[in-house]
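Residues per chain, in single letters:
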Amino acid sequence: MRLYALLGLLFVTVFDSSECLKTTVRPDKGSTVTVSTPLPVQECGVCTITGLNDTQTSCQPSLTLLPEEEVELLLNCSQPIEQAYTVVIARTIECTKDACSPATVETQPSILTELSRTFTWELKAPEKTAVGLDILGEGLMETSQPCPNGFQYSVSTSKTNGGQTLYCPGGSMTRFDLLNEAVVSLQVKPNAQVQPVLFQASAGPLKGRKMVITVDSGTTVVLSRDPKEPECEVCSVDGSTPDCSPTEKTLTKVEKLSLEFSCLKPQDVYSVKMKKKIECTQKSSCTPAAGEVVPDLFQDFKRSVTWDISVPERTVLTLDFPGGLKEISGAESCQDAPQYTVSTTKSDGNTKTNSYCKGGAVSHLDLLGPTTVTVEAPKRSELDSFAVKAVPRRGRMLSVTPDPNTIIKIRSVTKNPDCSVCLNKEPKPVCDPVYLELKDPKNTTVDFTCPQPQEDFTVEINREIDCTDTSCSGNIVQAESSLFPEFNRTFTWDLKVVATRAFQLDFPEPGMRQIPNEETCPDEHTYSIITYLRAGPTTIGTFCKGGTVTSILARYKGRMSLQVPGDRKMEPVDIKLRVGPETSMVAIVKVDLPRGVSDTDFITANFPRDFPDDKQMQWDFTVPGMHNYTMQFSEYKAPECLTKEVMVEYLKQDKKATKLTPTDAQPQHQQGDFSMVLKNCETNTTLQGLSLKYRVSVMRSGHPVLCTVDLTKHPEVSLQIEKVGSDPYCEMRIDSKVEKKINVAAGSKASLSFLDCPHEDVRLTASKVIPVTGCQNMTSCPGTPLSVPKLDSCLPMPLHSFTWHLNIPQDGTVDLVSPTGSLRQSLPGQECNQSLSLHVAESDGFPVGDFCFKGTIQKIQVHANVSVTATTPDFSKTRGPFLHVNYSQEISETIIYTVTPKTSSPTLLASPNWPEGMRPSSTVSWIVTQPSQYQAHLQFINISQPKCADGHAYIRVKMQGHKEEMISRREDERPPANLTVPNSFSLNMTNCITEEGHLGGLTQIVLQKKTNLLAILLGIVGALLLLLIVLAIVCFITKKKKRDKMNKESSIYIGKGNIFRPGDRHFSKARSDNESHVYDSIDETMVYGHLLADSSYADSMQDHYNGMNVDSYNTFTGPTNKDLPVIKEPDRNPGTTTFLDPSESFLPPRPRTPIDRQDSLGFQDRRMMDNELYTFKSTGDMNTIRLSAADLEPQPPITEESL
């Protein structure tokens, strides 16, 4: 006790910071409480606190509390208390022959509720007294699994009997009928609320089970009690005196016999064996014609039903199972289902037994000889009947046509006396129970005297191939063969070349793999090669498809064989056969060693038996570049040599041969192709001979690329590297451990190495977690630019993609904005290019869409945790962030797109996860803003609508600022194909919980300018009015020309003083409104009016003159209004007259004048461009500007006629 006290003190001292529970416990009267822990007392213990001021503590692993004694407990443990401790609350129910105490079964529900508790009640009752427990409240149901609500009932017949029945709440069982020593328990989880009263107990005389049965004359029923079970008598009441037995009772040919058991559940104590007989005659009839039992006869007992079926000689017994059977091995069993065992006795006295379960493909069994069918049926299982037929034994007949130069040999492997093979010949068939050979290439009928000869016979199909000095008569081709497909077959090819040559077998890729001679290949296609030496046949080796052996060369004569089991489809392989060079070797094996790290085993001919005496064998190895090989002799048996000695010779091109003994150190870490020759000595054949098994190990000789990744600078960034190529020799390591996929955790360091890993075969991705924490509200959270941090430069592969995981609170929203101003979703017809892709998805991977820059989407708002994955061919060339992330308050939708369509091209809007459906119960909105002078034509291009299981799916369109909706369609209503929206609007899609189908949509927006009818009408009226005015002016000018046709315009030159011209636009009136162009007299030498091509020139000029109008020409000495501009020009050269060349100006064309180009008024000087008189010239420097194409025309010569 002192030891426990010291341990308790130590316990409290050590675990003062661990979980503990201090409570006071007082078991009820008649209740015993046991608290225990499976952990050592140093870690956990059950402690009691006593003494003055609770100063004494005593700890132990288990403690039993007596009824009505109050104890203060301290439970202190390094593990969680609810997992470390268990509580058992035990009570006893004492019953007499007619009553129980207590009558109500209580639980004391308030005791130690923090722990797992088991309430147990043990029943005590006199013999032949039954105790009834009526369940108060919800009924129970039997189960074999743990109860989901944490309340597990169990019932066992006694403490010592380990078998128990489990129950869960929620069934129809309302009463337990039990006997003495039965135990009822209830196990509950921590903090479970337990009802204070569970059962009402009662007692009464034991009344056993009664049943009435009928057994026909062909059936014998034996009831047997398991000696391990409680005593229970079975009595048959047929008259006044019952016939009782405590262990076994046999019944046959009884009708409505009453059976009484002295126990409540005899099905748990007794098992039933039934035996039936079925007799078949030579007239193909069986009595009865089916194996069946009465369905409800002892159905709730464990039953074993046996049918003994007798048949005459040379009769085939047929059993048909409608439900089908599945054959199993002897070690297997049918769990909780009937198991069938079929045993057939053959004519030689041997018995063949097969086992089956219900529910397979075997529905028909043909059997030879008397048969016994036994069914082991668990309780309450249903037995299916089967049909029984008997027919005279008919063998199986096959039609066979051998190929030319082919021999078919049929051999018996079981020596079954009931099965022979016969060849139909006249006048009498030739039969043999052991062997038959077919050679003639014609249709032949083979008859077997048993229905399933494939179980007794194997077939060998042999072909001979002869080779000349240069070629062979055929190749070894295993095409799909129609001969005996259900039999175990061996295909053999006998190969023969001239005595001085060898035959060579070339295997197709991927070559052959050598295995021990007694083994079978995994694909059940096993190849063997034999060569015939003077000393006898020698097995070169046994091979499977898929290996390093590419060719085998053997001397003179040999055989290749292929073994294929029955019902196995042949897989064609084309093996090339050709004549090889002369050799002294038993065989030459050519091997292509694989790249990467590999170990390949080889064995000598005849292994594990003796290698041929005084012979040699050679292996030619091709080693891949940049690889080392090592030779290891694992199993070597040395012969006793009479002459010579066993030698191993290594040959390399252009190098001297290396000769070693098998016990010497063999080559290690060498490079290059090589050959190994094994030479045997002349041995003492009375002793063991030479045998050798060796291994060729290949490894890379290259150097790995090393990289130490340090993510401590980026604590939220993690890396993932995986192989995506088909190169199997790429080797990746993290911290010296080979992995197919490497994960470098955020904030960690890792040493990476890459060996023979091309960049295109390895993919590097990175991710970053961006949590949103520490904000008073979402709007106050700072925005985050999504940019890629700089990774370690030692990584040999480029970054393929980078993913940001944005985690926000439930009341927040993620706002995604492009740094370039807008985003574009990748959709049919509007795909993003390959330079950049942004994949947006929710945290569980549900896709939102793929986006790129420069589109119509201004902002994406998602009310969920979001991941954004950026993919670009070269991250090093990308500058700036990919997206700006802001945070806002919770939105009612799942996703909101803010869209500004373009006027120049249509805009496509696609629902999330397009073309797949939206997430159930999700909502997406597009807020579309358009210019005021435009209207939107909305086209629903592709809409898929679901069938809703709960709620409705809606498509709504509403203009901004309006309460009413333009359209609202449910899932059973199709939206209009086109809709015109005059102002900015919102498009909304709301999904339901779908039963089938999905909600999704692709919508197109086309902007068009609005049409103003009033403006159109006013424009038409104005155009008509302008046309009338133009017509009036034309008429007026025409009349005026007729009246004044002699008056013409002219250009004048004034050399000195202030000037003005009629075309200088200084008249306040239009030229059509005054006669300022009419002159009294003009000098004839100055008149050139006849050269004017367009008489309307003056009328087309605008009037800018605001001074006095002059109607007659006088000698001009200056303007009458001194506000007119004054231009002083230097004197011209004598005899030179300057005129405005209209063909060189912007004015209507005028006749050419005989002046130089630079002196023309059509020549512009840049210095005068800002002067309203810039059409006049100065004598300053020339600045040539061509004003029209007329500059390029040749100048007419100056003649007197032109003057």
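Every value quoted in this text rests on a predicted model; they were computed, and no experiment measured them.

A. Broad picture of the overall build of the chain. Each helix and strand in the chain was counted, giving three helices and 84 strands. Per-residue burial for the chain yields a buried fraction of 43% across its 1203 residues. Summarising the internal contacts of the chain: among those between residues at least 6 apart in sequence, 78% fall at separations of at least 24. A total accessible area of about 64,600 Å² is found for the chain, and carbon and sulfur atoms account for 50% of it.

B. Representation of the pairing of strand β6 (residues 71-77). Counting buried positions along β6 yields six of seven residues, so the element is predominantly enclosed. In this structure, strand β1 (residues 19-25) lies alongside β6, joined through seven bridges in antiparallel fashion. Counterpart to Val-25 in the pairing with β6 is Val-71.

C. Broad picture of the sheet that holds strand β61 (residues 737-739). An order of β58-β63-β60-β61 is seen for the four strands of this open sheet, with the pairing classed as antiparallel. Edge positions in the open sheet fall to β58 (705-710) and β61, since each of these has one partner strand only. Each strand axis lies, on average, 30° off the axis of its neighbour in the sheet, ignoring direction.

D. Summary view of the side chain of Ser-888. Tracing the backbone shows Ser-888 in strand β73 (residues 883-889). Given the relative accessible area of 13%, Ser-888 is considered buried. Here Asp-815 takes part through its side chain, which lies 3.2 Å from a polar atom of the side chain of Ser-888.

E. Representation of the packing of aromatic side chains within the structure. Inspection of every chain in the model, using the stated rule, returns 25 aromatic pairs. Pairing Phe-484 with Phe-487 gives two aromatic rings, centres 5.4 Å apart and planes at 85°, and the pair type is edge-to-face. Residue Phe-484 is classed as buried on the basis of its relative accessible area, which comes to 4%. In this structure Phe-487 comes out as buried when scored by relative accessible area, which is 1%. A network of ring pairs unites the aromatic residues Phe-602, Trp-619, Phe-621, Tyr-629, Phe-633, Tyr-650, Phe-674 and Tyr-694 as a single cluster. Lying over the aromatic face of Phe-846, Arg-919 brings its terminal NZ or CZ to 4.5 Å of the ring centre.

F. Up close: the pattern of salt bridges. With the rule as written, the count across this model stands at 34 salt bridges. One continuous salt-bridge network, built from bridges that share partners, spans Arg-411, Glu-460, Asp-494 and Arg-559.

G. Local environment of a nonpolar patch on the surface. Residues Leu-1025, Leu-1027, Leu-1028, Ile-1029, Leu-1031 and Ile-1033 make up a contiguous nonpolar surface patch of about 570 Å² in total accessible area. Along the chain, the position of Ile-1033 falls in helix α3 (residues 1013-1043). On the accessibility criterion, Ile-1033 (44% relative accessible area) is partly exposed.

H. Main features of the nonpolar core. Ranked by internal contacts, the top residues of the largest apolar core, which has 79 residues, are Ile-721, Leu-752, Leu-795, Tyr-897 and Phe-985. If you look at the next biggest cluster of nonpolar residues, it comprises 74 residues, including Phe-487, Met-570, Tyr-629 and Phe-674.

I. Broad picture of the state of the cysteines. The full count for this structure, using the stated rule, is 18 disulfides. Each sulfur of the disulfide joining Cys-467 and Cys-472 lies 1.9 Å from the other. For the disulfide bridge between Cys-467 and Cys-472, the dihedral angle about the S-S bond is near 105°, and by the sign convention the bridge is right-handed. Residues Cys-467 and Cys-472 agree in their burial class; the two are buried. Each sulfur of the disulfide joining Cys-832 and Cys-852 lies 2.1 Å from the other. Measuring handedness by torsion sign, the sulfur bridge of Cys-832 and Cys-852 sits at about -80° and is left-handed. Of this pair, Cys-832 sits in the loop between β68 (823-825) and β69 (837-842) while Cys-852 sits in strand β70 (residues 847-853), and the two are 20 residues apart along the sequence. Accessibility classification places Cys-832 together with Cys-852 in one group, the buried group.

J. Representation of the sheet that holds strand β37 (residues 444-448) within the structure. The strand order across the open sheet formed by four strands is β32-β37-β34-β35, and the pairing between neighbours is antiparallel. In this open sheet, the two edge strands, each paired with only one partner strand, are β32 (396-400) and β35 (430-432). Across this sheet, the average inter-strand angle for adjacent strands is 25°, counted without regard to direction. Pairing between strand β34 (residues 421-423) and β35: three bridges, direction antiparallel. Within the sheet, the bridge partner assigned to Leu-423 lies in β35 and is Val-430.

K. Spotlight on the side chain of Gln-930. Position of Gln-930 relative to the elements: it lies in the loop between β76 (923-928) and β77 (934-944). Reaching out from Gln-930, the side chain makes a polar contact with the backbone oxygen of Val-981 at a distance of 3.2 Å. Here Asn-983 takes part through its backbone oxygen, which lies 3.2 Å from a polar atom of the side chain of Gln-930. Once you skip the residues sitting within four places of it in the chain, Gln-930 turns out to touch Gln-935, Ala-936, Val-981, Pro-982, Asn-983, Ser-984, Phe-985 and Leu-1007.

L. Representation of the environment of Thr-1011 within the structure. Position of Thr-1011 among the secondary structure elements: in the loop between β84 (1000-1009) and α3. Judged by its relative accessible area of 61%, Thr-1011 falls in the exposed class. For the pair Thr-1011 and Tyr-934, spaced 77 residues apart in sequence, the C-alpha separation works out to 9.1 Å.

M. Structural context of unusual backbone geometry. Of note, the bond from Ser-101 into Pro-102 is cis; its omega dihedral lies within 30 degrees of zero at 0°. The residue Pro-102 is located in the loop between β8 (100-101) and β9 (104-106) in this model. For the bond from Thr-287 to Pro-288, the omega torsion is -10°, close enough to zero to count as cis. Its identity is not glycine, yet Glu-181 carries a phi of approximately 75°, on the positive side. Take Glu-181: its relative accessible area is 39%, and that puts it in the partly exposed class. For Lys-253, which is not a glycine, the phi torsion comes out positive at approximately 50°. Residue placement: Lys-253 occurs in strand β21 (residues 248-261). By relative accessible area, Lys-253 is classed as exposed at 66%.

N. Structural detail: the pairing of strand β82 (residues 985-990). Within β82, five of the six residues are buried, which leaves it mostly tucked inside the rest of the structure. As paired elements, β76 and β82 share six bridges and run antiparallel to each other. Within the sheet, the bridge partner assigned to Ile-927 lies in β82 and is Ser-986.

O. Up close: the confidence of the model for the chain. Here the chain shows a mean pLDDT of 82. Residues at 70 or above account for 84%. Confidence, expressed as mean pLDDT per element, reaches its minimum in the chain at helix α1 (residues 2-14) with 41 and its maximum at strand β55 (residues 674-679) with 96. Low pLDDT, under 50, characterises residues 1-17; the stretch is placed with 27 contacts to residues that sit more than four places away or in other chains. Low pLDDT (under 50) marks residues 1131-1163, which in the prediction has 82 contacts with non-local residues, meaning those over four places away or in another chain.

P. Geometry of the environment of Met-699. Its place among the elements puts Met-699 in strand β57 (residues 691-700). In this structure the C-alpha to C-alpha distance between Met-699 and Gly-596, which are 103 residues apart in sequence, comes to 5.7 Å. Those residues in contact with Met-699 that lie beyond four places of it in its chain are Gly-596, Val-597, His-627, Asn-628 and His-669.

Cut-offs applied
Residues numbered from 1 in each chain as written. Predicted model: local features only at pLDDT ≥ 70, side-chain atom pairs only at ≥ 80, totals over all residues. Heavy atoms only, no water. Helix = DSSP H or I, 4+ residues; strand = E, 2+ residues; numbered from the N terminus. Buried < 20%, exposed > 50% of the residue type's maximum accessible area, 1.4 Å probe, protein only. Contact = heavy atoms within 4.5 Å. Areas by Shrake-Rupley, 256 points an atom, 1.4 Å probe, with all protein chains shown as cover. Pairing = 2+ DSSP bridges. Axes fitted to C-alpha atoms, helices over the stretch in contact; angles between N-to-C directions. Polar contact = N/O pair within 3.5 Å; in protein donor to acceptor, adjacent residues only side chain to side chain. Phe/Tyr/Trp six-rings, centres within 6.5 Å; stacked < 30°, edge-to-face > 60°. Lys NZ or Arg CZ within 6 Å of the ring centre and 35° of its normal. Salt bridge = Lys/Arg side-chain N within 4 Å of Asp/Glu carboxyl O. Patch = residues over 30% accessible without salt bridge, like charges linked within 9 Å, V, L, I, M, F, W, Y side chains within 5 Å. Core = buried A, V, L, I, M, F, W, Y, C linked by side-chain atoms within 4.5 Å. Disulfide = S-S within 2.5 Å. pLDDT = per-residue confidence, 0-100.

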